[in-house]
Amino acid sequence: MFVLHKMASSSHPLFTSSLKFSTTHSPSLSSSFLSNPILYHRPKFQSFYLFKKPHYRFFSSPAAVATDPATALAADNNVSDDVPKEVEKVVLPTNESSHTLLRIRHTCAHVMAMAVQKVFPDAKVTIGPWIEHGFYYDFDIEPLTDKDLKKIKKEMDRIIGRNLPLIREEVTRDEAEKRITAINEPYKLEILNSIKEEPITIYHIGNEWWDLCAGPHVETTGNINRRAVQLESVAGAYWRGDVNKPMLQRIYGTAWENEEQLKAYLHFKEEAKRRDHRRLGQDLDLFSIQDDAGGGLVFWHPKGALVRHIIEDLWKKIHSERGYDLLYTPHVAKAELWSISGHLDFYRENMYDQMKIEDELYQLRPMNCPYHILIYKRKSHSYRDFPIRVAELGTVYRYELSGSLHGLFRVRGFTQDDAHIFCLEDQIKDEIKGVLDLTEQVLLQFGFDKYEVNLSTKPEKAVGDDDIWVKATGALKDALDAKGWAYEVDEGGGAFYGPKIDLKIMDALGRKWQCSTIQVDFNLPQRFDITYIDSNSEKKRPIMIHRAVLGSLERFFGVLIEHYAGDFPLWLSPVQARILPVTDTQLEYCKDLTEKMKASGIRVELCTGERLPKLIRNAEKQKIPLMAVVGPKEVETESVTVRSRFGGELGTMGVDDFITKIKDAVDNRTSV
């Protein structure tokens, strides 16, 4: 369930933790609460404690700011906090927590399909499942408009108001085929042919409309609250996800048990849009996808690149401290390398076409693993050398359909924080525990401290002996138990080459994102025939562990943008402070101040050319953590008047004191 609280204002916004994007489900809710939310996670439900962020106020009289910069940062009597005094609590159930809600949503998909065919008799139906926040249905029909959606919703309301029964019927395959052919529904015929179970089940809405369906549904359409249902959008979707098949019209809708739940959901959705990393990336000049270069290829702008450098430097420091050797490897390799690794056999559809160079075929890399193995193989190894840990921020290239690309979340070129550990069997547990500790250390830097952990075990088809699978899986369990983390076991969900641990982080809106993964691999060591010499001078094969903490820098950066709503904490913000002179008379002092702060390692910029209220507004729009206003008094006393986005007006202070406060806050990961 989701629990949404609207609460009184707080001057200290807190953040907790963070991603998975689906191209086939409901429209992404990736964007921003108007203010900074505080999230606490409890099993089986999520709680949203929404604290209204303090207003950043601007003095409305230009005459006043020329003489008193502190006044420009003071509260304007014309600005209202507009914070609700009472706490409103709305519980939003999920499909898992409420079987009633799941049935409502499934029935809504059928009611919508019936309504569409009443409004547009030539429309052909395909499939219509329930999804996380509602339902959708795909139709073979001419492109629909918002006006069409209103007509469809109006017809849905009529169907709901008639309180028609939902009737389940079992028929033979031949009878189902006969009925489908009679009403000329070719897509349903294709669906029927894909159904292996018998008998075939059909659900009727009264005696007027029916669909192939396994259920479940509500008893009558009257069980649906029409005021708790809303049609949201229309999108194009290829039949069966195949670009060579017809483009269909997918109508998304949301449905809830009552109106209060719908209102809470719409509020959440609206606030989520404000965090959309694609919009914030443009507004804050962080990154772009350039059409002239091609879809899914990320251009990091100076400010976004600066944040990336901070993340990379932190990542490298932690890995070096924990015994990893850092690598750089090529972006291309001979195609034969990917044949040995098995990628050409199992992953070719996600790889770019090969290129011919001097009569040899080369391939852009989709993975870093084979490169790290080649470095391992450059010399012989003894059992005394283990464990061997190597890590790389390695850029890879994977082909994605243009329709599936989505900002930083789904791209064609991205940098993985990839690492591989070569170890002995009896070292697996300790190495996995070490990876879990490192993962937690990195994620905590960004405020992510709530995780969903899954352990996936041996699938039906797998490489490696049962004994090593049992030992490796046991080592993963022991490491998780030693860490004290709760986890779910996904029986048979492991990769064919070894068991794995997947970790999802939770962002400020309660969304879960897959970032970290740890995978034991019995396959690549065998394919590349890597060995070591054991204590008996015999050749043995080492264990290989794949692991990533952030997943990819691009995707993780997108998560951070949405998690912070672009309000990066002081230590991570690309610009930590902005110097604002009241007039050009203070410009020379401000230039010297800017250079002094830069020399102290502070990321600062000087902005001029506008009236002070406009400079303040611009800094607010750019989400600059600190504003330092300089007027005649500040020049005379060698001071600044400071405003913090998170701490409000801090008053006037000496320059050295200001610099010290910033450096202390950065070191302690706090705000000024």
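Each residue is numbered by its place in its chain's sequence as written, counting from 1. Local features in this predicted model are restricted to residues of pLDDT 70 or higher, and side-chain atom pairs are both shown and tallied only at a pLDDT of 80 or more, whereas totals for entire chains, interfaces and linings draw on every residue. No hydrogens and no water enter the side-chain calculation; it runs on all heavy atoms of the structure.

A closer look at the overall build of the protein
Turning to step 1, where the next piece is worked out: A count of helical and extended segments in the protein gives 20 helices and 32 strands.
Turning to step 2, where the next piece is worked out: Residues classed as buried in the protein amount to 53% of the 672 residues present.
Turning to step 3, where the next piece is worked out: About 30800 Å² of surface is accessible on the protein, with carbon and sulfur atoms providing 48% of the total. Under the scheme used here, helices are H or I runs from DSSP no shorter than 4 residues and strands are E runs no shorter than 2 residues, and both carry numbers assigned from the N terminus. Relative accessibility under 20% of the residue-type maximum defines a buried residue, over 50% an exposed one, and the middle range a partly exposed one, all with a 1.4 Å probe and only protein chains included. The accessible surface values rely on the Shrake-Rupley method and a 1.4 Å probe; as for residues, cover is taken only from the protein chains in view.

Considerations on the side chain of Ser404
Turning to step 1, where the next piece is worked out: On the secondary structure map, Ser404 appears in the loop between strand S19 (388-397) and strand S20 (413-423).
Turning to step 2, where the next piece is worked out: A distance of 2.7 Å separates a polar side-chain atom of Ser404 from the backbone oxygen of Leu401. Within 3.5 Å is the distance limit for a polar contact, defined as a pair of N or O atoms, with the added protein rule that one can donate a hydrogen and the other accept it, and that residues adjacent in sequence qualify only through two side-chain atoms.

So, the pattern of salt bridges
Turning to step 1, where the next piece is worked out: In what follows, salt bridge is the name for a side-chain nitrogen of Lys or Arg lying within 4 Å of a carboxyl oxygen of Asp or Glu. On inspection of all chains with the given rule, the structure shows 43 salt bridges.
Turning to step 2, where the next piece is worked out: Two residues, Lys504 and Glu452, come together in a salt bridge whose shortest N-O distance is 3.7 Å. Highlighted residues: Lys504 in strand S23 (residues 500-506) and Glu452 in strand S21 (residues 451-456), separated in sequence by 52 residues.
Turning to step 3, where the next piece is worked out: In this structure, Lys512 engages Glu452 in a salt bridge whose closest nitrogen and oxygen atoms are separated by 2.6 Å. Note that Lys512 is positioned in strand S24 (residues 512-521) and Glu452 in strand S21, a separation of 60 residues in sequence.
Turning to step 4, where the next piece is worked out: Among the residues examined, Lys512 registers a relative accessible area of 30% and is labelled partly exposed.
Turning to step 5, where the next piece is worked out: Linked through salt bridges whose partners overlap, the residues forming this network are Lys433, Asp437, Glu440 and Lys483.

Digging into the packing of helix H17 (residues 587-599) against helix H20 (residues 655-667)
Turning to step 1, where the next piece is worked out: Note on geometry: axes are lines fitted to C-alpha atoms, helical ones only across the stretch in contact, with angles between N-to-C directions running from 0 to 180 degrees. Orientation of H17 relative to H20, taken along the N-to-C sense of each, is 35°, at an axis distance of 11 Å. Every pair of crossing elements has a handedness; the one defined by H17 and H20 is right-handed. Counted together, Tyr589, Leu593, Lys596 and Met597 of H17 and Val655, Asp656, Phe658, Ile659 and Ile662 of H20 form the full contact between these two elements.
Turning to step 2, where the next piece is worked out: Throughout, the ten residues Ala, Val, Leu, Ile, Met, Phe, Trp, Tyr, Cys and Pro are labelled nonpolar, Asp, Glu, Lys and Arg are labelled charged, and all others, Gly among them, are labelled polar. A breakdown of the residues in the contact of H17 with H20 according to their chemical character gives seven nonpolar, no polar and two charged. Here a crossing is called left-handed whenever its near helix is offset anticlockwise from the far helix by less than a right angle, and right-handed whenever the offset is clockwise. By definition in these notes, contact holds between two residues if any of their heavy atoms fall within 4.5 Å.

A short note on the confidence of the model for the protein
Residues shown with low pLDDT carry predicted positions that ought not to be read at fine detail.
Turning to step 1, where the next piece is worked out: Of the residues in the protein, 87% reach a pLDDT of 70 or more, and the chain-wide mean stands at 86.
Turning to step 2, where the next piece is worked out: In the predicted structure, residues 1-87 sits below a pLDDT of 50 and forms 266 contacts with residues beyond four places in sequence or in another chain. Across the chain, each position has a pLDDT score giving the predictor's confidence in that residue, from 0 to 100.

With respect to the packing of helix H13 (residues 428-445) against helix H14 (residues 466-483)
Turning to step 1, where the next piece is worked out: At a closest axis distance of 8 Å, the pairing of H13 and H14 adopts a crossing angle of 45°. Considering the angle they form, H13 stands oblique to H14. Taken as a pair, H13 and H14 cross one another with a handedness that is right-handed. Across the interface between the two elements, Ile428, Lys429, Ile432, Lys433, Leu436, Asp437 and Glu440 of H13 pack against Ala472, Ala475, Leu476, Asp478, Ala479, Leu480, Ala482 and Lys483 of H14.
Turning to step 2, where the next piece is worked out: Looking at side-chain class alone, the contact of H13 with H14 contains nine nonpolar, no polar and six charged residues. Each angle is binned into one of four classes, with values under 35 degrees roughly parallel, values over 145 roughly antiparallel, values of 65 to 115 roughly perpendicular, and all other values oblique.

Things to note about the environment of Leu344
Turning to step 1, where the next piece is worked out: Along the chain, the position of Leu344 falls in helix H11 (residues 343-346).
Turning to step 2, where the next piece is worked out: By relative accessible area, which is 12% here, Leu344 ends up buried.
Turning to step 3, where the next piece is worked out: Apart from residues lying up to four places away in sequence, Leu344 is in contact with Ala335, Trp338, Ser339, Met351, Gln354 and Gln363.

Regarding unusual backbone geometry
Turning to step 1, where the next piece is worked out: Cis geometry is found at the peptide bond from Glu198 to Pro199, where omega equals 0°.
Turning to step 2, where the next piece is worked out: On the secondary structure map, Pro199 appears in the loop between helix H6 (186-194) and strand S9 (200-205).
Turning to step 3, where the next piece is worked out: The omega angle of the peptide bond from Phe386 to Pro387 is 0°, so this bond is cis rather than trans.
Turning to step 4, where the next piece is worked out: Structurally, Pro387 can be placed in the loop between helix H12 (369-376) and S19.
Turning to step 5, where the next piece is worked out: With phi around 50°, Asp529 is a residue other than glycine that occupies positive phi space.

Quick notes on the sheet that holds strand S8 (residues 166-171)
Turning to step 1, where the next piece is worked out: If you walk across this open sheet you meet the three strands as S8-S9-S10, and the pairing is antiparallel. The two strands at the open ends of the sheet, each matched to only one other strand, are S8 and strand S10 (209-212). Strand-to-strand twist of the sheet, defined as the mean angle between neighbouring strand axes without regard to direction, takes the value 25°.
Turning to step 2, where the next piece is worked out: Sitting on the sheet, helix H3 (residues 99-119) is in contact with S8, S9 and S10, with an inclination near 125° to S10. By this definition, two strands are paired if DSSP reports at least two bridges between them.

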